[in-house]
Amino acid sequence: MLDGGRISLSTPDLKVELLRYSGTAASLTPSSDATLDYTPGDLLKQRSANTFYHLGDLDVRYRAAGASGWTDVSTAYRRNPVTVLAADAKQFAGDVSSSLPGGTPLKIVRTWSSEGGTLALRFTLTNTSGSAVEIGGLGIPMVFNNILNGRTLDQAYRICSFYDPYIGEDAGYVQVSQLSGTGPVLLVVPDGHTPFEAWKPILDHRNRQTGEGLLDNDPTPRGTTFEGSFDWMVHSEGYTENEWRGVQEWNPASSATLAPGKSVTYGVRFLVAPNLRQIEATLAEHKRPVAVGVPGYVLPQDIEARLFLRYDKPVRSIAGEPAAAVEIHDDGMNSHGLHAYTLRGRQWGRFRLVITYADGMVQSIGYRTIKPETEAIADMGRFLFQQQWFDDPHDPFHRGPSIISYDNEAGKQVTQDSRVWIAGLSDEAGAGSWLAASMKEYLEPDKAEIAKLESFVDGVLWGHLQNSEGEHKYGVHKSLFFYQPALVPGFSYDPKLNWTSWTSWNKEGADDVGRSYNYPHVVAAYWSLYRTARNTHGLVTNHDWQWYLNQAYETTLAMCTQAPYYTRFGQMEGTVFVRLLDDLKAEGWTDKAAKLEALMRARADVWKTEAYPFGSEMPWDSTGQEEVYDWTRYFHDDVKAEVTLNAILAYDPTIPSWGYNGSARRYWDFIYGGKEKYARLERQLHHYGSGINAIPLLAEYRLHPDDLYLLRVGYGGVMGPLANIDEKGFASAAFHSFPDLMMYDPYTGDYGPNFFGQAMNTGTFVTHDDTMGWLCFGGNVEDRRGVVHITVLDSSRDRLFVAPLGLWITLDAGKIVSADYNTHKGTVTLHLAPASEFVSTARLRLTETQLMRGDVTWDVATKAVRDAGATVIPLSSGETTVALAETKK
């Protein structure tokens, strides 16, 4: 493959080097950065044998028209030299049919060309047989350098890239960005009629004797450091009739029939955006359709969502599939060339929005409608505290009373799993359900549920899952459930499960307190009950708020002293430590605050010395960035905070799809936290990375409210956890993205950290964009002649960000019904919900977060009492109005 030399083609933005032997890409480099290769070119020699895929290969599934069975062929499987048809400075064309099995009724000519300032890759298929041929699968492999295998983090961030799909038919594209989140972004778009219909994984099944990949497989080992490559599927009917049968795909499947002697051409074109924030501008510049959804593509039923389309051809039609799923109002074309629509989700679940333009271009957008946010989390609370409530007084592992993992497919609690932590109330996949329950009570407390939560804390968490005495007091165990039959003679382990692997810890392994990642879950539970006890009355009864605050503090210290190894990395849910420190200071616990701050500063000082301090138990991970950002911002290491933020944006895209928008990359936790029946390496949509990585994105947006990109990505991540809640309240760990499943995992698994991110980060954000006007994320907005009326509808209903003012309004107690921002006077009026049985006063905090407005502060217009930094506002039996105004510092 490497013997024939190379040929180069160049455009103003890209240079591609092609292997003469195979006609596939050896490198693909942007003109603005000659050190960057989007392909795994540095591994070319190792990946030069048969069955290794390269950019420029093609997968085809065909059959004789009218036949029943399909045949698969691939240019990567048995590679032979191409027959060169043209080779000059503008194009390289070759017949690749020699790489197909004898008797294949198709001739395939591949052409690379530099034309119109861009690089194009095309495949022309000709039917060489005497009868019609149906093409039921046509995949263009997207092979880029996401292979982190054997690399250090520094190497990976310097040379590797991630890529994400917009599976949007004719408007679809793939975006390829460096792990660092900086520099030019490669965009792959259709050339001619090459719809992006589906996204098929290229797996790594191998011949055990030879090590070669099987047909349609690449032997590059997939794992935590290599997600795998994918096929851009133009046609997929041959799969939906077989492997994908009965699955609701992103788009309807299609096929194409070629008459004898007829040809068809498919292709893609390569564009370069200067950076991530310029992707849509670059698409528009090249006359590609662009869609922007606000607040995204997960639609609570009480939200009036907006959709803005930009394309140089008018919209011929727009419709939902199914039609009853969505109400569409055409708002017309605005003065900035955007066609605006208002959408209202009507039916719970997925729907596809299909836009057809005057030139026949079809664009599809995947949406998911959910219940109003407060209803969704109320459903989740009921499910957690009823269906998932485990209260077996004879359980030998001391797991009751608790909120235990659940299998939605089987309709029962998970009380046994050979991955013992899942049934053992610890680790992310075992603690996930009680963590979600704790954070639900922080957002929307319910007296009966809190009583159960406190019984879990006193009966299981404190004294069993967490040591309440002895040398390792406050230490958190890895699991309460374990596999050691001799120690539980009356217990019957399920003989159908495999108890022989490393995942089936014995008592000693389960008792270990050295895994730091188990501690934030416990801290979050204590902290949530502290916040509820502090800001309400009569809900939390077993202990006072001081006890819960101290428990959170001591558990944090124990993490640093008893489980120090992984504290060198950021922890998922690490934001709780920052909130804890703030609360210690606010309550006047100065000595404890100083000790905690010193411990956290020592960790942040280590991160300051590392280029990319984002490791974990895995060689690469997307969980530690949340806390690394929090502390580096807290301690004013703004350089490292920006590095962290950019790294998040590299794996957390904004894409017109409910599944991918704000969905932080994760692909291995179905193995550790999903149902074993479906356990595999697979891109997980809205796994807990979505919720926790949204925390730094929205925190940064509040510092830079002119950066709408941050808000769009961050809010997509905030909404992901709510999309995982089904109609009855079951919350899944994540959505299976591979086209043979396309469903939520039946296990609750590690959903808890995801909802933690939602609970800590949600709010209503209102902003004004020069081209789209007033926008609201988490509510509805209406401009009433310069008075902007905001209806607050997010799950917390106690946080509001008014972007033009850089004003972050939060309530420790009380709820915001609506607000009015008078743009003429520069004032804000809040309308608070009436007093309730458990909340008689609101506790208001105002933060001026916009960096450039340091000379002013906000306060209530009338005199008020302060307590622990909060303004105390008595609530009436009706709506309470609170006027806010700016004052000079």
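Refer to the structure printed above.
Residues numbered from 1 in each chain as written. Predicted model: local features only at pLDDT ≥ 70, side-chain atom pairs only at ≥ 80, totals over all residues. Heavy atoms only, no water.

A. The overall build of the protein, seen in detail. Counting its secondary structure elements, the protein contains 18 helices and 44 strands. Taken over the C-alpha trace, the protein has a radius of gyration of 28 Å; the compact-globule value for 889 residues is 29 Å, and the two agree within 12%. Taking the principal axes of its C-alpha atoms as reference, the protein extends roughly 85 × 75 × 50 Å. Out of the 889 residues in the protein, the part that is buried amounts to 64%. Long-range contacts, defined here as pairs at least 24 residues apart, represent 68% of the contacts in the protein between residues at least 6 apart. Within the structure as shown, the protein displays about 30100 Å² of accessible surface, and the carbon and sulfur contribution to it stands at 50%. Of the side chains in the protein, 81 bear a positive and 107 a negative charge, and the two mean positions are spaced by 2 Å. (Helix = DSSP H or I, 4+ residues; strand = E, 2+ residues; numbered from the N terminus. Rg over C-alpha atoms; globule rule 2.2 N^0.38 Å. Buried < 20%, exposed > 50% of the residue type's maximum accessible area, 1.4 Å probe, protein only. Contact = heavy atoms within 4.5 Å. Areas by Shrake-Rupley, 256 points an atom, 1.4 Å probe, with all protein chains shown as cover. Lys, Arg positive; Asp, Glu negative; His and termini not counted. Charge placed at Lys NZ, Arg CZ, Asp CG, Glu CD.)

B. Examining the sheet that holds strand β37 (residues 807-813) more closely. Strand order in the open sheet formed by seven strands is β33-β32-β36-β37-β40-β43-β42, and the pairing between neighbours is mixed. This sheet does not close on itself; its edge strands, each paired only once, are β33 (773-777) and β42 (865-867). The average angle at which neighbouring strand axes cross in this sheet is 25 degrees, direction not considered. Taken together, the four bridges between strand β40 (residues 841-848) and strand β43 (residues 870-874) define a ladder with antiparallel strand orientation. Paired with Thr841 across the bridge in β43 is Pro874. Lying on the sheet, helix α9 (residues 519-535) is in contact with β37, β40 and β42; it crosses β37 at an angle near 80 degrees. (Pairing = 2+ DSSP bridges. Axes fitted to C-alpha atoms, helices over the stretch in contact; angles between N-to-C directions.)

C. Spotlight on the pattern of salt bridges. Going through the model one piece at a time under the given rule, you end up with 63 salt bridges. Residues Asp302 and Arg797 are paired through a salt bridge, measuring 3.7 Å at the closest nitrogen-oxygen approach. Taken together, the residues Asp302 in the loop between β19 (298-300) and β20 (305-310) and Arg797 in the loop between β35 (787-792) and β36 (799-802) connect sequence positions 495 residues apart. Residue classification places Asp302 among the buried positions, given a relative accessible area of 16%. A salt bridge links Lys496 to Asp494; its shortest N-O distance comes to 3.4 Å. Take Asp494: its relative accessible area is 21%, and that puts it in the partly exposed class. A single salt-bridge network, built from bridges that share partners, covers Glu115, Arg122, Asp191 and Arg269. (Salt bridge = Lys/Arg side-chain N within 4 Å of Asp/Glu carboxyl O.)

D. Quick look at the side chain of Asn693. Checked against the element boundaries, Asn693 lands in helix α16 (residues 688-703). Here the side chain of Asn693 touches Ser622 through a polar contact of 2.8 Å, landing on its backbone oxygen. A distance of 2.8 Å separates a polar side-chain atom of Asn693 from the backbone oxygen of Gly689. With residues near it in sequence (within four places) discarded, Asn693 still touches Ser622, Gln625, Ile648, Tyr651, Asp652 and Ala664. (Polar contact = N/O pair within 3.5 Å; in protein donor to acceptor, adjacent residues only side chain to side chain.)

E. Representation of the pairing of strand β38 (residues 816-822) in the model. Most of β38 is tucked away, with six of its seven residues classed as buried. Here β35 runs beside β38; their pairing, made up of five bridges, is antiparallel. Among the inter-strand pairings, His789 is bridged to a residue of β38, identified as Asp820. Count of turn residues in the β38/strand β39 (residues 827-832) antiparallel hairpin: four residues, of which Gly826 carries a positive phi of about 70 degrees.

F. Quick look at unusual backbone geometry. Here the residue pair Val294 and Pro295 is connected by a cis peptide bond, since its omega of 10 degrees sits within 30 degrees of zero. Even without being glycine, Tyr474 reaches a positive phi, approximately 80 degrees. Relative to the assigned elements, Tyr474 resides in the loop between α7 (447-461) and α8 (507-511). Residue Glu573 is not a glycine yet carries a positive backbone phi of 70 degrees.

G. Here's a closer look at the sheet that holds strand β3 (residues 25-30). Ordered by their spatial adjacency, three strands build an open sheet running β1-β2-β3, and the pairing between neighbours is antiparallel. In this open sheet, the two strands that pair with only one neighbour each are β1 (6-10) and β3. Shown here is a sheet whose adjacent strand axes are inclined to one another by a mean of 15 degrees, direction ignored. As judged from the five bridges shared by strand β2 (residues 14-19) and β3, these two strands associate in the antiparallel manner.

H. Local environment of the environment of Met772. When you line up the elements, Met772 lands in the loop between β32 (764-769) and β33. Relative accessible area serves as the criterion here: at 13%, Met772 is assigned to the buried category. Sequence separation of Met772 and Phe308 is 464 residues, and the distance between their C-alpha atoms is 7.6 Å. With residues near it in sequence (within four places) discarded, Met772 still touches Val292, Phe308, Leu338 and Leu708.

I. Focus on the packing of aromatic side chains. In the structure shown here, the tally under the stated rule is 64 aromatic pairs. Taking the centre distance of 4.9 Å and the plane angle of 85 degrees together, the rings of Phe383 and Tyr406 count as edge-to-face. A residue pair is termed long-range when its members are at least 10 positions apart, and Phe383 in helix α4 (residues 373-385) and Tyr406 in strand β28 (residues 406-407) qualify at 23 residues. On the basis of relative accessible area, Tyr406 is assigned to the buried category, the value being 8%. Members of the aromatic cluster, joined through ring pairs, are Phe144, Tyr163, Phe196, Trp199, Phe230, Trp232 and Phe738. The ring of Trp658 has Arg368 sitting right over it, with the charged end atom 4.4 Å from the ring centre. Above the ring of Trp545, the side-chain terminus of Arg534 is found at 4.8 Å from the ring centroid. (Phe/Tyr/Trp six-rings, centres within 6.5 Å; stacked < 30°, edge-to-face > 60°. Lys NZ or Arg CZ within 6 Å of the ring centre and 35° of its normal.)

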